[in-house]
Amino acid sequence: MSLNHALQVGDSLCARVLSVPCSKRLLDIQPDLVSITGAYAVLNEQGQYLGLVNSREVALFPNRIFADLITRRQPPPLSADTPLEVALTIFNHAKVDFLAVLDDQGQYCGTISRFSLFNALLNHEHQLLLEKSALVDRLIAELSHHKIAETVFNATSEGIMVTDENSVILKVNPAFSNTTGYSAEEAIGQTPHLLSSGKQDKAFYQEMWCSITTRNQWQGEIWNRRKSGEIYPEWLTINRIRTPEENGIRYVGVFSDISLHKELENTLQRLAYYDSLTGLPNRTLLRNRLDFLITNRKHDESNSKIALVFIDLDNFKYINDALGHQIGDAVLIEVGKRLRDAMCESDTVARFGGDEFAALIAQYESETSLARCVRKIFDHLNGHILIEGHEVFVSVSIGVAQYPQDASDCDGLLQLADIAMYRAKDSGREQISYYAPEMNRKVVDRLKIENALRNAFENDRFWLAWQPQVDLKTERFIGVEVLMRCSAPELDGIGPDIFIPIAEENGLIARLGEWALKKAVADALEHLLPVVDQGFRVAVNLSPVQLNKSTIDLVLPLARALMEKNLILEIEMTESVVMKDRTHAIGYLQTMAGFGIEFSIDDFGTGYSNLSRLADLPIHRLKIDQSFIQKMTDTGHRMNQMIQAIIDMGHALEIKVLAEGIETLEQKQALTALGCDEAQGYFYAKPMKLAEFRALLAKQSTSSDESPP
Ligand code: C2E
Ligand code: CA
Ligand code: CA
């Protein structure tokens, strides 16, 4: 697409972006500013640009400082002199709503959106058209003095046609012939009807003539037909002038072909309001429609309701990772189609980006009919999709919020549908969840936990619990899993199963995880050496977020320090981390394994496993998830076979198998019979304080040959 003028992104800044200091939170910003803001540009203390944050993320975490909300992957800022075409291409590729702009000193000067580009272009077009009208006025001044400047007439790129008072064409210029295809000979003597496209109705021409007779001028857009038959839009100015000598009337029509501009306008419209992959409306258009519906609904008495449905694919990342982006894109297109099929014509279906879709149900009678409609979406989207010979299983989580009962404005509804959707994800995915006020309370609780965690960390309120692992053959303690605990009173009753995921999301896990690793190793070296066997393992849980270069640098010296005293550092990670096809992750694991660090796969059996990869990775131990062990006694035979299969597979790959969460003697005996190597669970010991653990180990070392632990 050629934009044929030199507009730059610096001319197209968007009014709806607020710049904010990185250390501030949403709660610190004036509410009236917040309500018009589409995004926030985060600046450091020196006023330098750090990154952009979408207002939606900010709304979900009003208590977090802006610096922590900057998403890692966003395109770099553009310089103010970047041409608009370049910016449009970046928008298309990067799938973002906003891009930051820096001036030639590298200072932040604003942000653009597709919409602001679109606006700037339309304004620019408008300016061009106004300039053209000024040119026409000058020409007319000359004409009326009866000295038509032949050179201007012939050279201008606007088509010009002069008619007498009966609309018979007297004169046309070369640009007229270029645009219409009619030569001067063909046109002279005809009337402008020659060019009529039939697209304008009678009323249109009446209005036009009315303006010419009363104001001597008409200006506007009109569709005409070329000699070739092609219909095209032109911007036309008609002036009525008197010729002093002959005392007659002349009509002078000056026009320019604006088909290019029209095309541009359409393209921009598409870019600004539609998603390029699926062709569905985007977030902006859905918002506009929702806003429009709500405004109208407030004025009519119908009391009918509006529902906003958020839809998120549950396993899209796996599809993308495993089958590649091309298949991923095809899945999104198909989901878009199915969603469209599930809805009425009058409802809006939109793609919000990534694997997020939304549907706007403009009207429904009762809760039951809404439920039926949402169920239909759910059933249409869940299931198998066949793409290029791959059978892909898709499942979705759905969140629903309703106007007016849940929220009375557009932003509120968007936010609550999002909260409901997250709720559906939290309660196990592949669910529908309707917004309920208590969910908001959950969000608030979460914010409280988040704050409490930060405080607890700063005030040194974390400690480690130690839970032994036992060799099922010798019944000796051969290792320990170190588990995090928090003693802050605000977090009473909140265990790591709740606070670790929150710390992972807000980034605290990096420091918390580092503390746990260092503390575990230091404590083991200081307190456990006299009471443990050679080769005793200290197992620490590593969050997926921690699998990066700086953690590796931290871990290697710790592992070495343990090894010098004949202890082994073990790292527990869940399946998804290890199985993901990420070459750098494998690299990290291999580097660490090379230093004698051992790896166990935690909660084995509950995640996504690519078993063929298991053989390629430096894995030393599978920890069968406790849920399997608990079901052993219940369902008996089938679960036992499953566990047997895991054990056999592990042994075939020379990987040890540990059973987690053993609570009873029966479980222990059954697992021993199945050939399981090791165990951990309340049956042996609960996680305990270091001093207790040391005492427990000491008892074992003094009574080595006596009864089992
Ligand atoms: P996990 O790694 O699967 O840890 C085992 C969990 O099972 C522990 O819960 C432990 O107390 C519990 N458990 C052990 N034996 C039994 C049993 O016989 N019956 C039952 N019902 N439960 C048993 P905890 O300590 O609440 O930890 C929960 C999760 O939090 C851990 O699951 C782990 O994913 C995470 N976590 C704990 N500490 C850390 C840490 O330092 N770093 C990271 N990244 N995650 C941690
Ligand atoms: Ca673990
Ligand atoms: Ca586990």
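For every chain, the first residue of the written sequence is number 1, and numbering continues from 1 onward in sequence order. Chain letters start at A and ligand numbers start at 1, both assigned in the order the entries are written. Predicted model: local features are reported for residues with pLDDT of at least 70 only, side-chain atom pairs are reported and counted for 80 or more only, and whole-chain, interface and lining totals are derived from all residues. As a convention, hydrogens and water are excluded, and side-chain values are obtained from all of the structure's heavy atoms.

Draft legend 1. Focus on the domain arrangement of the protein chain. Where each domain starts and ends follows an automatic or database-derived domain assignment. Under the domain assignment, the protein chain is made up of domain 1 (9-113), domain 2 (145-262), domain 3 (274-435) and domain 4 (448-701). One C-alpha centre belongs to domain 2, the other to domain 3; they are set 51 Å apart.

Draft legend 2. Molecular detail of the sheet that holds strand β2 (residues 39-43). Between any two strands, at least two bridges found by DSSP are needed for them to pair. Numbering goes from the N terminus for both helices and strands, where a helix is a DSSP run of H or I of at least four residues and a strand is a run of E of at least two. Strand order in this open sheet of three strands is β1-β2-β3, and the pairing throughout is mixed. Unpaired on one side and paired on the other, β1 (17-21) and β3 (49-54) mark the two borders of the sheet. Shown here is a sheet whose adjacent strand axes are inclined to one another by a mean of 25°, direction ignored. With five bridges joining them, β1 and β2 adopt parallel strand pairing. Its bridge partner being in β2, Val17 is matched across the sheet by Ala39. Axis geometry follows a simple rule: fit a line to the C-alpha atoms, using only the stretch in contact for helices, then measure angles between N-to-C directions, giving values from 0 to 180 degrees.

Draft legend 3. Layout of the coordination of the calcium ion (ligand 3). Any N, O or S atom lying within 2.8 Å of the metal counts as a donor, with the limit raised to 3.2 Å for Na, K and Ca; because water is left out of the atom set, some sites can appear incomplete. Summarising the metal site, the calcium ion (ligand 3) is bound by the protein donors Asp602 (OD), Asp603 (OD), Glu660 (OE) and Glu660 (OE), whose distances to it range over 2.1 to 2.4 Å. The distance between the calcium ion (ligand 3) and the calcium ion (ligand 2) is 4.1 Å, with Asp602 acting as a donor to both metals. Of this pair, Asp602 sits in strand β23 (residues 598-604) while Glu660 sits in strand β25 (residues 656-660), placing them 58 residues apart in sequence. You'll find Asp602 and Glu660 in the same group, each marked buried. Here's how the labels work: a residue is buried when its accessible area is under 20% of the maximum for its type, exposed when over 50%, partly exposed in between, all with a 1.4 Å probe on protein chains only.

Draft legend 4. Quick peek at the sheet that holds strand β7 (residues 159-163). The strand order across the open sheet built from five strands is β8-β7-β11-β10-β9, with neighbouring strands paired in antiparallel fashion. Edge strands, defined here as strands with exactly one partner in the open sheet, are β8 (169-172) and β9 (217-225). Averaged over neighbouring strand pairs, the angle between their axes works out to 25° when direction is ignored. Examined bridge by bridge, strand β10 (residues 231-243) and strand β11 (residues 248-257) share ten bridges and lie antiparallel to one another. What sits directly across from Trp235, in β11, is Ser256. Contacts: residue pairs with any heavy atoms within 4.5 Å of one another. Each of β9, β10 and β11 is contacted by helix α9 (residues 259-273), which is oriented at about 135° to β10, the strand it contacts most.

Draft legend 5. Spotlight on helix α13 (residues 367-381). Taking 1.5 Å per residue, 15 residues should reach 21 Å; α13 reaches 21 Å between its end C-alpha atoms and fits that length. Those residues of α13 that sit buried are Leu370, Cys373, Val374, Ile377, Phe378 and Leu381. Projected onto a plane normal to the axis of α13, the buried residues spread over an arc of 140° and lie on a single side. Residues of α13 that are exposed and point more than 90 degrees away from the buried face comprise Thr368 and Arg372. Residue Gly383 follows α13 closely and has a positive phi angle near 145°. Helices are assigned an expected span. That span is 1.5 Å times one less than the residue count. As used here, the arc is the angular range of directions from the helix axis to the C-beta atoms.

Draft legend 6. Region of interest: the side chain of Asn320. In this fold, Asn320 is placed in helix α11 (residues 316-323). Exposure remark for Asn320: the relative accessible area of 15% places this residue in the buried category. When near neighbours in sequence (up to four residues on either side) are disregarded, Asn320 contacts His325 and Gly328.

Draft legend 7. Seen up close, the pairing of β8. Bridge count between β7 and β8: three bridges; the pairing is antiparallel. Paired with Thr163 across the bridge in β8 is Ile169. In this structure, the hairpin formed by β7 and β8 is closed by a connection of five residues, where Ser167 is found at a positive phi of approximately 65°.

Draft legend 8. Up close: the coordination of the calcium ion (ligand 2). Coordination of the calcium ion (ligand 2) by the protein involves Glu481 (OE), Asn541 (OD1), Glu572 (OE) and Asp602 (OD), with metal-donor separations of 2.1 to 2.3 Å. Mapping the donors of the calcium ion (ligand 2) onto the primary sequence gives the spacing E-x59-N-x30-E-x29-D. Overall, the relative accessible area of 29% leaves Asn541 in the partly exposed class.

Draft legend 9. Inspection of the site of ligand 1 at higher detail. Arg485, Asp602, Gln626, Glu663 and Tyr682 are the nearest of the 20 residues found near ligand 1. Whenever two N or O atoms come within 3.5 Å, that pair is a polar contact, provided that in protein one can donate a hydrogen and the other can accept it, and provided that, for residues adjacent in sequence, both atoms are side-chain atoms. A distance of 2.8 Å is found between an oxygen atom of ligand 1 and a side-chain nitrogen or oxygen belonging to Asp602. Within the side chain of Gln626, an N or O atom sits 2.6 Å from an oxygen atom of ligand 1. Only the protein chains shown count as cover for residues, with accessible areas throughout obtained via the Shrake-Rupley method and a probe of 1.4 Å. Summarising the interface, the protein chains cover 84% of the accessible area of ligand 1, which totals 790 Å² for the free molecule. The criterion for a residue being near a molecule or strand is simple. One of its heavy atoms has to lie within 4 Å of it.

Draft legend 10. Highlighting the pairing of strand β20 (residues 477-486). Counting buried residues in β20 gives nine out of ten residues, a clear majority hidden from the surface. Bridge count between strand β19 (residues 462-471) and β20: nine bridges; the pairing is antiparallel. When the sheet's bridge partners are listed, Gln467 is paired in β20 with Glu481. Following β19, the chain reverses through five residues before pairing antiparallel with β20; Glu475 in that reversal takes a positive phi of roughly 60°.

Draft legend 11. The environment of Met632, seen in detail. Summarising the element assignment, Met632 is placed in helix α22 (residues 626-635). For the pair Met632 and Ile643, spaced eleven residues apart in sequence, the C-alpha to C-alpha distance is 8.8 Å. Look past the residues within four positions of Met632 in its chain and what remains in contact with it is Met639, Asn640, Ile643, Ala670, Leu671 and Leu674.

Draft legend 12. Spotlight on the packing of aromatic side chains. Two aromatic rings, drawn from Phe, Tyr or Trp (for Trp, its six-membered ring), form a pair once their centres lie within 6.5 Å of each other, and the interplanar angle then sorts them: stacked below 30 degrees, edge-to-face above 60, tilted otherwise. Per the stated rule, a full pass over the model turns up twelve aromatic pairs. Judged by centre distance (6.0 Å) and plane angle (15°), the rings of Trp466 and Phe693 are stacked. You can see Trp466 sitting in strand β19 and its partner Phe693 sitting in helix α25 (residues 690-702), a full 227 residues away along the chain. Ring geometry for Phe683 against Tyr684: centres 5.0 Å apart, planes inclined by 75°, an arrangement best described as edge-to-face. Since its relative accessible area comes to 30%, Phe683 is described here as partly exposed. Taking the relative accessible area as the measure of exposure, Tyr684 reaches 13% and is therefore buried.

Draft legend 13. Fine view of the nonpolar core. With 85 residues, the main nonpolar core has Met592 and Ile643 as its most contacted residues. By residue number, the principal contributor to this core is helix α17 (residues 509-528), which donates nine residues. Among buried residues, those of type Ala, Val, Leu, Ile, Met, Phe, Trp, Tyr and Cys that are joined through side-chain atoms within 4.5 Å constitute a nonpolar core. Membership of the second largest hydrophobic core comes to 39 residues, among which are Phe61, Phe310, Leu413 and Ala420.

Draft legend 14. A look at the confidence of the model for the protein chain. Per-residue confidence from the prediction method is given by pLDDT, with values spanning 0 to 100. Averaged over all residues, the pLDDT of the protein chain is 86; the fraction at 70 or higher stands at 93%. Considering only residues more than four positions removed or in separate chains, one finds that residues 1-5, a stretch of pLDDT under 50, has twelve contacts. In this model, residues 705-709 is a region of pLDDT below 50 whose contacts with residues beyond four sequence positions or in other chains number four contacts.

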